[in-house]
Amino acid sequence: MSTVQSLGNSVAASAFALDGSAQMNGDRLDITQMQNSQMGFASVPVDAAATDPFSASFEIYIGAAGYDGDVTLGADGLCMNLGGGPGLAALGGRVGEDGVNVGVAVCFDEYANSNHEHGFFIHYNGEEIFGDVSECGGGWGNGNLVECAPVSLFVTPGTSATEEWHGVTVTIKPSGGGAQVSVNMDSGAYTAVADIAAYALPSDAFLSFSARTGGAINYHSVRNVRTGGGQDGDLTDRKSVV
């Protein structure tokens, strides 16, 4: 098992244990590559309990920069998780874009396998507690509305060589046996809040990232991970293009 990470520090890509398709690529984690039917999981144990405030900031890239193959682009999704681990078994039979079945999962789902299934979601213990689906005209794929918010806010469409990295801060604040989960992307370009009535974490808690591709593909990548103690403003949102 990886070394338990105390809060308030940057977490190097090399600190994460990798499972499935997840790979370290320099200073970033590629949870999936540009291949069909992948599922990956990268996790690190953290010193976090259900009574403690918790924050994580990180950058995500979902896209297909430089891809020159003939496979359909745009699937499936990526989650940040706080809860079970350390490997793919923590999904409990769920798919990567739905996150762990024990704990909190903050998910960026760019492909609709059925109605109302792509957008931005927060899950707790396998149940959706916040959902913001993308529904508008346009887009491509099986209901993959990449031109519609919120998917358009976190996916780089097509094969542009430009990688758009999006800064995300997730804050979990326990109170009275429950907790509030708040998400801030790109310094307020997108925000979400969800409440948990009865909040608990495993005694061995993991910060993790899970992702999946299917018949369609994308990179699902993460970098610049940092944990904190849940104080507003102690983590930095950012958006960068490379």
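Residues numbered from 1 in each chain as written. Predicted model: local features only at pLDDT ≥ 70, side-chain atom pairs only at ≥ 80, totals over all residues. Heavy atoms only, no water.

Undergrad: I'd like to hear about the pattern of salt bridges, residue by residue, with values.
TA: Per the stated rule, a full pass over the model turns up 5 salt bridges. Close ionic contact of Glu-59 with Arg-223 constitutes a salt bridge, the shortest N to O distance being 3.2 Å. Here Arg-223 lies in strand E15 (residues 219–228) and Glu-59 lies in strand E6 (residues 54–63), a separation of 164 residues in the sequence. Accessibility assignment for this pair places Glu-59 and Arg-223 in one class, buried. Across the salt bridge formed by Arg-212 and Asp-76, the nearest N and O atoms sit 3.7 Å from each other. Placement of Arg-212 in strand E14 (residues 206–212) and of Asp-76 in the loop between E6 and strand E7 (77–83) is noted, with a sequence separation of 136 residues between them. (Salt bridge = Lys/Arg side-chain N within 4 Å of Asp/Glu carboxyl O. Helix = DSSP H or I, 4+ residues; strand = E, 2+ residues; numbered from the N terminus. Buried < 20%, exposed > 50% of the residue type's maximum accessible area, 1.4 Å probe, protein only.)

Undergrad: Let's hear about the pairing of strand E13 (residues 190–196): which residues, and what values?
TA: With burial as the criterion, only one face of E13 is covered, namely that bearing Tyr-190, Ala-192, Ala-194 and Ile-196; the residues Thr-191, Val-193 and Asp-195 on the opposite face remain uncovered. Looking at chain direction, strand E12 (residues 178–185) and E13 are connected through 7 bridges and run antiparallel. Counted as the bridge partner of Val-183 is Ala-192 from E13. Between E12 and the antiparallel strand that follows it, E13, lie 4 residues; Asp-186 among them carries a positive phi value of about 50°. (Pairing = 2+ DSSP bridges.)

Undergrad: Hey, could you go over the sheet that holds strand E8 (residues 103–109) for me, with residue numbers and the actual values?
TA: Taken in spatial order, the 7 strands line up as E2-E5-E14-E7-E8-E9-E10 in an open sheet, and their pairing is antiparallel. At either margin of the open sheet sits one strand with a lone partner, and together these are strand E2 (17–20) and strand E10 (127–133). Taking the axes of each pair of neighbouring strands and ignoring which way they run, one obtains an average angle of 15° across the sheet. Of the pairings in the sheet, the one linking strand E5 (residues 39–45) to E14 comprises 7 bridges and is antiparallel in character. In the strand pairing of E14, Met-39 is matched with Arg-212. (Axes fitted to C-alpha atoms, helices over the stretch in contact; angles between N-to-C directions.)

Undergrad: Quick one: what's the story with the state of the cysteines, residue by residue and with numbers?
TA: Every disulfide links exactly two cysteines, by a covalent bond between their sulfur atoms. Evaluation of the coordinates by the stated rule reveals 1 disulfide. Each disulfide pairs two cysteine sulfurs, and for Cys-79 the partner residue is Cys-107, the sulfurs being separated by 2.1 Å. Torsion about the S-S bond of the Cys-79 and Cys-107 cystine: about 110°, corresponding to right-handed handedness. Within this pair, whereas Cys-79 is found in strand E7, its partner Cys-107 is found in strand E8, the two being separated by 28 residues in sequence. The class for Cys-79 is buried, based on a relative accessible area of 0%. (Disulfide = S-S within 2.5 Å.)

These figures come from the coordinates and say nothing about function on their own.
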